[in-house]
Amino acid sequence: MTVKPLPLETASAKVNPAVVALERNLAIAIKGKDESIQLLLTALLAGGHVLLEDVPGTGKTTLAKALARSIDGLFRRVQFTPDLLPADITGSSFYRPQDGTFEFREGPIFTNILLADEINRTSPRTQSALLEVMSENQISIEGLRRGLPQPFFVIATQNPAEYHGTYPLPEAQLDRFAVRISLGYPTLDNEMDILYSHAVGEPVEMLEPVVTRDDIIALQRNVRAVTVDRSVADYLLRIVEATRKDARLRLAASPRASISLFHMAQARALLSGRDFVVPDDVRSLAIPVLSHRVMLDTKSRYGGATGEVIIRETLESIAVPR
Amino acid sequence: MKTPLRMPWPLTGAVMVFYLALGMHQESPGMLPILVLAYLATYVVPARIPQKSWAPWVLRIMAYGWITSTITRDDGSTALMFSQSTIIAFGVIWAIETVIQVWRERPAGNPPGSALIVITALGMIPVSVTPDDAYLKWTVPAYLLLITLSLRALNPLGTSIETIPQQEDADLYRTTARRAMLGRIAAFGAVALVGYGGYQLMSNNHDSLMSLGNNWTPHRRQPDGTGLSTAPSLGDMFDGEGSPTRVLRITGKLTDQHLRGLAFDTYHNGTWLPVFDDGKSTDANATELQSGRRGERTRVHVFTDNLRLLVAPIDTVGVAPVDDIQIERITNRPESLLTDAQSPYAYDLILPGSSNKNPGPFAPPPSPGEIQRCLVVPKEIEPGVRSIAVQIANTGSEGKSSFANLGDATSIASFPPEKRIDAVTNYLISHYAYSLSFHPTPGEKISSFLLRGQAAHCEYFAASATILLRMLGVPTRYVTGYYAHEGAPDGSTMVRQRDSHAWAESWIDGKGWVTVDATPGGGRPDKLFPDTAVTWRIGEWIADRLQDARDYLSHFTPMQLSASIGLIGGVFFLLQWAVKRRKLQAGSVEVRKFDIDAELLALSGRFESLLLRAGIPCPPSRTWEEHIDAERPASLDRTQLERFMTGYNWLRFGRIDDDALRAEIREALDALEKGMETNDRQTAAARNGVR
């Protein structure tokens, strides 16, 4: 007689092997930041872009590089500086004297993974150049629309806005990032690991690609097929609605934010090996997805509140479907 | 986790002062400690009632039902300007509302507690409308001080001014400071306005409000069982006014609309005596009751529980009990008949076909002692009243000066009693107006009304007529009863509690006792409660049907009632089960879906109660997983918890209809419940072991 495995045991085995491999690879490069890695992968599978925000030296660039190396695809990096021009990112046409024509040379944006390092060091004009690209996965240069390679994933890093020599990102651009991740300082144990892991060489340089571009595209397609119960979608909308009614917010969560949260929740479900979304997906993603999109009025900001605080309070006031 | 919303301490203080003030009004303030505890529990219990929840309404309806069932109106004298029962009714409503509000989740963007301030202000209004203001001298200042402090703590704008760097943003600092100040002043002004306006409104309309409160709260069951005041005192308000409770239904003709209940011959200190005493009564025999007379029969149905007194027109010649009810006569009150029968019961009145001069069982001829008592003018009546009597005598006797001397028996005798009665009645009706309330000046009440008042209710007119007629030498006593006037479509007459009335009756030799009603026409129940308004009629109809149902149900014992309710419920569930079974056999998909939901509901209910037993009820805004992570209950097995929660999610959100999955979820839940019981037993055993 064969012992039939219990349904829950079979369920836990349903997590996609590509995802497991990606997670394992990233954990080698970034120690003790499993949650951040999870969020990064969620955004990747949901087809969103990521804003990594933290003080210098916490591993923002390392994380982005580790992801790029783990995927068998094109990776480009742009170091944003105050004198960077839009054409430096998108590319521009050059005159070819031999045959008298213009040749378009692609900028770093034509890639699978774009690391926009220290994005708030450049001027708003250059920042805005990223806008169309990020939302539509296509770009118009000199009146011509050009498609981008798939998958296209932007990881922007920035120092917190209060630091010297920064241009805070415009609201419209903030809204285009699916999620804002803050790494924070590692714990002492983890930092000890980091110290010794650097003895042989940069751990991130030793990473090998574990998934292909096609794997990622397939996963992204699977994400959209994850079912969302009406009650969970209703819970999601009630959270968004609550931010619109909150008197302390000058700018509330947009419909784009709802869509983003919806897809992110689907992606999180897939990452946990489920083909359906549970309220906990929405609840745990609400802060990283929504907090950077809302803007507080001056009084609340001086009162010490942040977007994160307000979203957390909102969550506490809304009943979870059970 | 976010710290739950707790009210600033000054606001809590203000609420406590309000409860204290309310407690001073209440005879049995047992509920207030419960409310205080329920309020203060918010400081320890983190859970709150979510916005848009139906729970507050359930609480309100329960609370109001509870108020009406526990608070009774006081049927005694209403010496206070504002009735106890009204204060309690309104005050308790607001007190309960404060507790409900403090348990609710904070509405986004609103300063917490602003609703609470307004509610306590409303609650303080009924409490402060009282002549007994000794304690107001310290409760009100304390209340206002705490409210002012709480406004400071509340900070209506939600921005703490201290956090704004003054040097960097001087403009914002200034405007915020100014706005905060203005906001507080405006909030305080609003509270003061609510308080003062409400106070004015309530003290100006206290008559109607009080009758509202009196009607709203149920009658206290009177132990003596008369339904009428047994020692009527002259109150500020006319008692029983407005209440549409049915008392009697009379089928047949009536000779007099005044249905007499009790008569009183002695007046002392604002109260009529003798006190009704139902201890000494003897069975009234049939001959005594019917006096062998013939006439038209009129049936009287009695509805109220507390009317054991037979009421009848004064010229009734006989009483015939229906269904063998026992009728007794009170020894010291030959005019009163009683019964022990439980309502509803009925009796027949035999009314004279033609004018009848001989007194019937309700108005036996008075003894000489009774006549003497009916002529006594109490010493406490002020001398000014006598000059009114002189004035009446003079006008009534068409200017004959000889009547100026009231002691002159011969001159009085030439002025027949009927004329004297007419003169007094005319005088009272033409010189005074009717009002449902009268606030006497200090001193004797009848004199206060006759000499210094302008309007009062029927008790004052009846008492004044009694005293004035006695001064004019007519033996007169004070009578309470009902005034029947409300004709029903089927020809019967309905008598309600609000039709209770007071008048006088005088003894005229050769004619017997006669009714003297000196109340102005506008004050009689038929004018006060003309049965015209349709809405009023509908309300009465509903109340009547409810009373019918109550009367009907009172035939059964509680055991019989609960047995029949259980039977009906059992049959209902059996039918439902049968229907469901048939549908299941038919294989309908919809029923299957419904089954999942019912199953989920049952599972989640079991799990929630498990969490409750473990002492960690899950707040609605948390997922179970998050809650378990935060609380880490030692009494519940972690693995089984995970198994249940994951499995439940699969069933609930994944809609995975798999029997093995269900079995596993149930298994996990069973294991958890079993573990809980073992844990409980061990804890109990450990506790016993320590002992």
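Residues numbered from 1 in each chain as written. Chains lettered and ligands numbered in written order. Predicted model: local features only at pLDDT ≥ 70, side-chain atom pairs only at ≥ 80, totals over all residues. Heavy atoms only, no water.

A closer look at the sheet that holds strand 14 (residues 486–487) of chain B
All names here are of chain B. Spatially, 7-10-6-1-15-14 is the arrangement adopted by the six strands of the open sheet, whose pairing is antiparallel. Across the chains shown, the open sheet's two edge strands, defined by having one partner strand only, are strand 7 (318–321) and strand 14. Taken together, the two bridges between strand 14 and strand 15 (residues 493–496) define a ladder with antiparallel strand orientation. Counterpart to Gly 487 in the pairing with strand 15 is Thr 493. (Pairing = 2+ DSSP bridges. Helix = DSSP H or I, 4+ residues; strand = E, 2+ residues; numbered from the N terminus.)

Here we look at the packing of helix 11 (residues 255–271) of chain A against helix 12 (residues 279–290) of chain A
Residue and element names in this part refer to chain A. Direction vectors running N to C along helix 11 and helix 12 enclose 130°, while the axes themselves pass 9 Å from each other. In this view, helix 11 runs oblique relative to helix 12, as classed from their interaxial angle. Relative to helix 12, helix 11 is oriented so that their crossing is right-handed. Here helix 11 contributes Ala 257, Ser 260, Leu 261, Met 264, Ala 265, Arg 268 and Ala 269 to the contact with helix 12, which in turn contributes Asp 280, Asp 281, Val 282, Ser 284, Leu 285, Ala 286, Val 289 and Leu 290. Looking at the contact of helix 11 with helix 12 residue by residue, the class counts come to ten nonpolar, two polar and three charged. (Axes fitted to C-alpha atoms, helices over the stretch in contact; angles between N-to-C directions. Parallel < 35°, antiparallel > 145°, perpendicular 65-115°, else oblique. Left-handed = near helix turned anticlockwise from the far one by under 90°. Contact = heavy atoms within 4.5 Å. Nonpolar A, V, L, I, M, F, W, Y, C, P; charged D, E, K, R; others polar.)

A few points about unusual backbone geometry
Cis geometry is found at the peptide bond from Gln 150 of chain A to Pro 151 of chain A, where omega equals -10°. Along the chain, Pro 151 of chain A turns up in the loop between strand 8 (144–147) and strand 9 (153–158). One non-glycine residue, Glu 118 of chain A, lies in the positive phi region at around 50°. In this structure, Glu 118 of chain A sits in the loop between strand 6 (113–117) and helix 6 (124–136). On the accessibility criterion, Glu 118 of chain A (22% relative accessible area) is partly exposed. You will see that Arg 632 of chain B, though not glycine, has its phi angle at about 45°, which is positive. By the secondary structure assignment, Arg 632 of chain B is in the loop between helix 20 (624–631) and helix 21 (638–652). (Buried < 20%, exposed > 50% of the residue type's maximum accessible area, 1.4 Å probe, protein only.)

Observations regarding the sheet that holds strand 16 (residues 500–508) of chain B
All names here are of chain B. Read from one edge to the other, the open sheet built from four strands follows the order 2-13-16-17, with strand pairing classed as antiparallel. A strand with exactly one partner marks an edge of an open sheet, and here the two such strands are strand 2 (258–264) and strand 17 (512–516). Ignoring strand direction, the axes of neighbouring strands in this sheet form an average angle of 40°. Seen against the sheet, helix 13 (residues 417–431) touches strand 16 and strand 17 and runs at an angle of roughly 150° to strand 16.

Describing the environment of Pro 141 of chain B
Residues and elements named next belong to chain B. Assignment of secondary structure puts Pro 141 in helix 6 (residues 136–154). Accessibility expressed as a relative area gives 43% for Pro 141, which makes it partly exposed. With 124 residues separating them in the primary sequence, Pro 141 and Val 17 have C-alpha atoms 10.0 Å apart.

What about the nonpolar core?
With 93 residues, the main nonpolar core has Leu 67 of chain A together with Phe 607 and Phe 644 of chain B as its most contacted residues. If we ignore the near neighbours within four places in the chain, the residues touching Phe 644 of chain B are Leu 603, Phe 607, Trp 624, Ile 665, Ala 668, Leu 669 and Leu 672 of chain B. Core analysis: the second largest hydrophobic core is formed by 69 residues, Ile 388, Leu 469, Leu 472 and Val 516 of chain B among them. (Core = buried A, V, L, I, M, F, W, Y, C linked by side-chain atoms within 4.5 Å.)

A word on the confidence of the model for chain B
Residues and elements named next belong to chain B. Here chain B shows a mean pLDDT of 74. Residues at 70 or above account for 73%. Taken as a whole, residues 74–82 scores under 50 in pLDDT and shows 25 contacts with residues more than four places along the chain or in a different chain. Across residues 219–227, confidence stays below pLDDT 50; counting only partners more than four residues off in sequence or on other chains, it has 33 contacts. Listed scores for the predicted complex are pTM 0.45 and ipTM 0.78. (pLDDT = per-residue confidence, 0-100.)

Notes on the pairing of strand 8 (residues 327–330) of chain B
Residues and elements named next belong to chain B. Of the two faces of strand 8, the one lined by Ile 327 and Arg 329 and the one lined by Glu 328 and Ile 330 are each fully buried. In this structure, strand 8 lies alongside strand 9 (residues 337–339), joined through three bridges in antiparallel fashion. What sits directly across from Glu 328, in strand 9, is Leu 338. From the end of strand 8 to the start of strand 9, which pair antiparallel, there are six residues.

With respect to the pairing of strand 10 (residues 345–351) of chain B
All names here are of chain B. Of all seven residues making up strand 10, seven are buried, and the element is well covered by its neighbours. Bridge count between strand 6 (residues 296–302) and strand 10: seven bridges; the pairing is antiparallel. Across the sheet, residue His 301 finds its bridge partner in strand 10, namely Ala 346. As paired strands, strand 7 and strand 10 are joined by four bridges and run antiparallel to one another. Bridge assignment links Val 319 to a residue of strand 10, and that residue is Leu 349.

Some details on helix 3 (residues 34–46) of chain A
Residue and element names in this part refer to chain A. Look at helix 3: 18 Å from first C-alpha to last across 13 residues, which is about the 18 Å you get at 1.5 Å a residue. Taken across its 13 residues, helix 3 has ten buried, putting it largely inside the fold. Taken residue by residue, helix 3 has Ser 36, Ile 37, Leu 39, Leu 40, Leu 41, Thr 42, Ala 43, Leu 44, Leu 45 and Ala 46 as its buried positions. Gly 47 lies just past helix 3 and shows a positive phi near 80°. (Expected span 1.5 Å × (residues − 1).)

Side note on the packing of aromatic side chains
For the structure shown, the criterion picks out 18 aromatic pairs over all chains. Where Tyr 432 of chain B meets Phe 449 of chain B, the ring centres are 4.7 Å apart and the plane angle is 40°; that geometry is what we call tilted. Linking Tyr 432 of chain B in the loop between helix 13 and strand 11 (433–434) with Phe 449 of chain B in helix 14 (residues 445–452), this pair joins segments that are 17 residues apart in sequence. On the accessibility criterion, Tyr 432 of chain B (8% relative accessible area) is buried. An aromatic cluster of three or more residues is present, and its members are Tyr 427, Tyr 432, Phe 449, Tyr 460 and Phe 461 of chain B. Positioned above the aromatic ring of Phe 276 of chain A, the side-chain terminus of Arg 274 of chain A is 5.9 Å from the ring centre. A cation sits over an aromatic face here: Arg 60 of chain B above Trp 57 of chain B, 4.4 Å from the ring centre. (Phe/Tyr/Trp six-rings, centres within 6.5 Å; stacked < 30°, edge-to-face > 60°. Lys NZ or Arg CZ within 6 Å of the ring centre and 35° of its normal.)

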